[in-house]
Amino acid sequence: MSGRRADLALLLASSYATAASNSLVFASMSELQDRHGYGDAALGLIAGTGFAVGLVVQLLFAPLADRGHGRRLVQAGLALASVGSVVFAAGDSLAAYVLGRGIVGASIGCVFPAVRAIAAHLDEGRRAERLGAVAGIEIAGFVSGPLVGSLLIGPLGLDATFVAFAVLGLVALAVVGPRRFPELVETGESSRAAFGLLRIPAIRVAVLLTLAATFPTGMFDALWDRFIADLGGSNAMTGLTFLVYGVPFVLLAPFAGRLVDRRDPVRVATLLLLPISLCTLVYGLLGDPWLVLALGLVEGVAQSLATPAVLAAVAAAAPAGRASAAQGLAGSASVFGSMVAAFTTPALYGATGPATTFLAVAVGILAIAGLALAMRRRP
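Residues numbered from 1 in each chain as written. Predicted model: local features only at pLDDT ≥ 70, side-chain atom pairs only at ≥ 80, totals over all residues. Heavy atoms only, no water.

Chemist: Describe the pattern of salt bridges, and please don't skip the residues or the numbers.
Modeler: Inspection of every chain in the model, using the stated rule, returns three salt bridges. Salt-bridge contacts for Asp-230 lead to Arg-226; the nearest nitrogen and oxygen are separated by 3.6 Å. A residue pair is termed a helical-turn pair when its members lie 3 or 4 positions apart in one helix, as Asp-230 and Arg-226 do in helix α9 (residues 217-230) at four residues. Judged by relative accessible area, which is 17%, Arg-226 ranks as buried. (Salt bridge = Lys/Arg side-chain N within 4 Å of Asp/Glu carboxyl O. Helix = DSSP H or I, 4+ residues; strand = E, 2+ residues; numbered from the N terminus. Buried < 20%, exposed > 50% of the residue type's maximum accessible area, 1.4 Å probe, protein only.)

Chemist: Describe the environment of Gly-39, and please don't skip the residues or the numbers.
Modeler: Along the chain, the position of Gly-39 falls in the loop between α2 (29-36) and α3 (40-61). Residue Gly-39 is classed as partly exposed on the basis of its relative accessible area, which comes to 38%. For the pair Gly-39 and Ala-347, spaced 308 residues apart in sequence, the C-alpha separation works out to 9.0 Å.

Chemist: Tell me about the side chain of Ser-85, residues and numbers included.
Modeler: With respect to the element layout, Ser-85 can be found in helix α4 (residues 70-90). We classify Ser-85 as buried; its relative accessible area is 1%. Residues within four places of Ser-85 in sequence aside, it is in contact with Ser-21, Val-104, Phe-162, Phe-165 and Ala-166. (Contact = heavy atoms within 4.5 Å.)

Chemist: Which residues make up the packing of α2 against α3, and what are the values?
Modeler: At a minimum axis distance of 11 Å, the contact between α2 and α3 shows a crossing angle of 130°. Relative to α3, the element α2 lies oblique. Note on packing geometry: the crossing formed by α2 with α3 is right-handed. Between α2 and α3, the contacting residues are Met-29, Leu-32 and Gln-33 on the first element and Asp-40, Leu-43, Ile-46 and Ala-47 on the second. Of the residues contributing to the contact of α2 with α3, the split by class is five nonpolar, one polar and one charged. (Axes fitted to C-alpha atoms, helices over the stretch in contact; angles between N-to-C directions. Parallel < 35°, antiparallel > 145°, perpendicular 65-115°, else oblique. Left-handed = near helix turned anticlockwise from the far one by under 90°. Nonpolar A, V, L, I, M, F, W, Y, C, P; charged D, E, K, R; others polar.)

Chemist: Give a detailed account of the packing of aromatic side chains, specifying residues and quantitative values.
Modeler: Following the criterion strictly, the structure yields ten aromatic pairs and no others. Ring centres 4.9 Å apart and planes at 35° place the aromatic pair Phe-88 and Tyr-97 in the tilted group. Grouping residues by exposure puts Phe-88 and Tyr-97 together as buried. Aromatic pair Phe-88 and Phe-162: ring centres 4.3 Å apart, planes at 15°, arrangement stacked. Of this pair, Phe-88 sits in helix α4 while Phe-162 sits in helix α7 (residues 158-176); the two residues are 74 residues apart in sequence, bridging distant segments of the chain. By relative accessible area, Phe-88 is classed as buried at 3%. Residue Phe-162 is classed as buried on the basis of its relative accessible area, which comes to 4%. (Phe/Tyr/Trp six-rings, centres within 6.5 Å; stacked < 30°, edge-to-face > 60°.)

Chemist: Tell me about the packing of helix α11 (residues 265-283) against helix α12 (residues 289-317), and name the residues and values.
Modeler: Running from N to C, α11 and α12 cross one another at 155°; their axes reach a closest spacing of 8 Å. Taken together, α11 and α12 sit at an angle that is classed as roughly antiparallel. Both α11 and α12 take part in a crossing whose hand is left-handed. A class-by-class count of the residues in the contact of α11 with α12 yields 19 nonpolar, three polar and one charged.

Put into structure tokens, the structure is as follows:
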């Protein structure tokens, strides 16, 4: 295996382990609710805390990768994913679950921006293709977390399942730790705060598109397991819906990245946000988990094309020496939107039901995308 391919493979392994550790909580929400009698707001607190911590970590620490510390960030993220999983397994109170979720959420803030920035610069002529591969493996991790978790929780129990995922993080750390990735080129701008990038119009547009594409994630994090259960689906059905949603990412994201490399990534992302918002709306109108499963495949195809586009838009807009800071800023915007959705949609779901909840999120996607489009057209 060539050096670049080996580097990319290890970067992908890091992203996979981090994503899987973070998404395991998706399959545990109904279990926690049944065990402790938590209300919907408590589920939102657990889910939203991971996003909140990830937001802060990305803003503060992602620029370190631009100064030659990308490998250390990846190592720290994998360690945090393992520690947070152990805390979650050992916990038996809402405070402990929130703490464990926060620690695991910090792992995304360390790993994802560094991996995306390094992968984009392994071969800049194939930037979107590389980022498509990263997006595919991130989604594979997010999908397999709840899928494997839903299969393990029954026979092993919730606590042992989280311990198993802690071991996964440690194995990834042992494999990836000794490797020296190619570091990003530092410039005089590399030490500046990530927020300063918002003065660049192209960065603002790319950040808004990232926010629009990932806005539903917080709702899915906090509510999907509950939503499928309310439709009569089991834990296995919840895992299957994530699997079907993730298959297009694994199969199509690298191919989609090659297409984006030959087109305007901003335009591609903008066009795809319309079907994504429509799918989000229709979820709330369905009453059969098998129909939800089929629609998840459709949304997965649209998202597998949109995700490399928004990541490539961020990479293309980033100034020299600010690649990881730009990815961290976009990631923070994504996490902020997900956090808002995670904190607010459970209460809305409990008060009004799925139709209104999914409609609100769909409108949010379109509103953010419209703002990005208007900003791009402004002289």
